[in-house]
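What follows is the residue order along each chain.
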Amino acid sequence: MSGHIDPTKEVFAQFRTNDREGPIHMLNLVRLKPRAAYPDGRDSTGAEAYAAYGRESGPVFERLGGKVVWQGQFELMLIGSQDEHWDHVFIAEYPSVAAFVEMIRDPVYREAVKHRQAAVEDSRLIRLKPLKPGKGFGEIPA
């Protein structure tokens, strides 16, 4: 079974349709392949290929107002499949949906994403609306 690497056209259309004002947060959960799988057969680890993705796409991300607002190191799956683990866990903030869409359409980014596709075994990319924290676990802020 192959992992989740890229969004489907249908889900990406939903993403673009919900073009509300304000920033979006993208929770990234990334599991890397031990060896990258480049179509041209070049040899690299998944970590090396993902680092190349970061180096090459980073200037586009930053130019469009993107920033990493939280990062953590996976330690243990307390609730959930014990087979799941993540090599990179972070939240990226974009100033708007339009900024994210512009990033993935940028020619430099489109070239850089080939490294991500070669490196990633499985991933989750979860769009979030930033909210102020509630007063406790049971309160969901509006």
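Residues numbered from 1 in each chain as written. Predicted model: local features only at pLDDT ≥ 70, side-chain atom pairs only at ≥ 80, totals over all residues. Heavy atoms only, no water.

## Concerning the sheet that holds strand β3 (residues 88-94)
Item 1. With antiparallel pairing, the 4 strands of this open sheet are ordered in space as β2-β3-β1-β4. The open sheet terminates on both sides in strands that have one partner only, identified here as β2 (67-72) and β4 (120-128). Strand after strand, the sheet turns through a mean of 20 degrees between neighbouring axes, direction not considered.
Item 2. Taken together, the 8 bridges between strand β1 (residues 24-32) and β4 define a ladder with antiparallel strand orientation. For H25, the partnering residue across the bridge sits in β4 and is L128.
Item 3. Packed onto the sheet, helix α4 (residues 107-119) meets β1 and β4 and runs at close to 115 degrees relative to β4. (Pairing = 2+ DSSP bridges. Helix = DSSP H or I, 4+ residues; strand = E, 2+ residues; numbered from the N terminus. Axes fitted to C-alpha atoms, helices over the stretch in contact; angles between N-to-C directions. Contact = heavy atoms within 4.5 Å.)

## So, the nonpolar core
Item 1. Ranked by internal contacts, the top residues of the largest apolar core, which has 28 residues, are F15, I24, Y50, Y94, F100, M103 and Y109.
Item 2. Of all the secondary-structure elements, those providing two or more residues to this core are α1 (9-17), β1, α2 (46-63), β3, α3 (97-105) and α4.
Item 3. Sequence-distant contacts of F100, that is, excluding residues within four places in its chain, are made with F12, F15, I24, M26, Y94 and L125.
Item 4. Grouped together as the second largest cluster of nonpolar side chains are 6 residues, L29, M77, W86 and V89 included. (Core = buried A, V, L, I, M, F, W, Y, C linked by side-chain atoms within 4.5 Å. Buried < 20%, exposed > 50% of the residue type's maximum accessible area, 1.4 Å probe, protein only.)

## A closer look at the packing of aromatic side chains
Item 1. Scanning the model with the defined rule gives 6 aromatic pairs in all.
Item 2. Measuring from ring centre to ring centre gives 5.0 Å for Y94 and F100, while their planes differ by 85 degrees; the resulting arrangement is edge-to-face. Residue Y94 shares its accessibility class with F100, and that shared class is buried.
Item 3. By the ring-pair criterion, three or more aromatic residues cluster together here, those being F12, F15, F61, Y94 and F100. (Phe/Tyr/Trp six-rings, centres within 6.5 Å; stacked < 30°, edge-to-face > 60°.)

## Notes on the UniProt feature "domain: DUF1330" (unreviewed entry) in the chain
Item 1. Residues annotated in UniProt with the feature "domain: DUF1330" (unreviewed entry) correspond here to residues 45-122.
Item 2. Annotated as 51% helix and 21% strand, the span residues 45-122 places its first and last C-alpha atoms 15 Å apart. (UniProt positions renumbered as here; feature names shortened; annotations may be inferred.)

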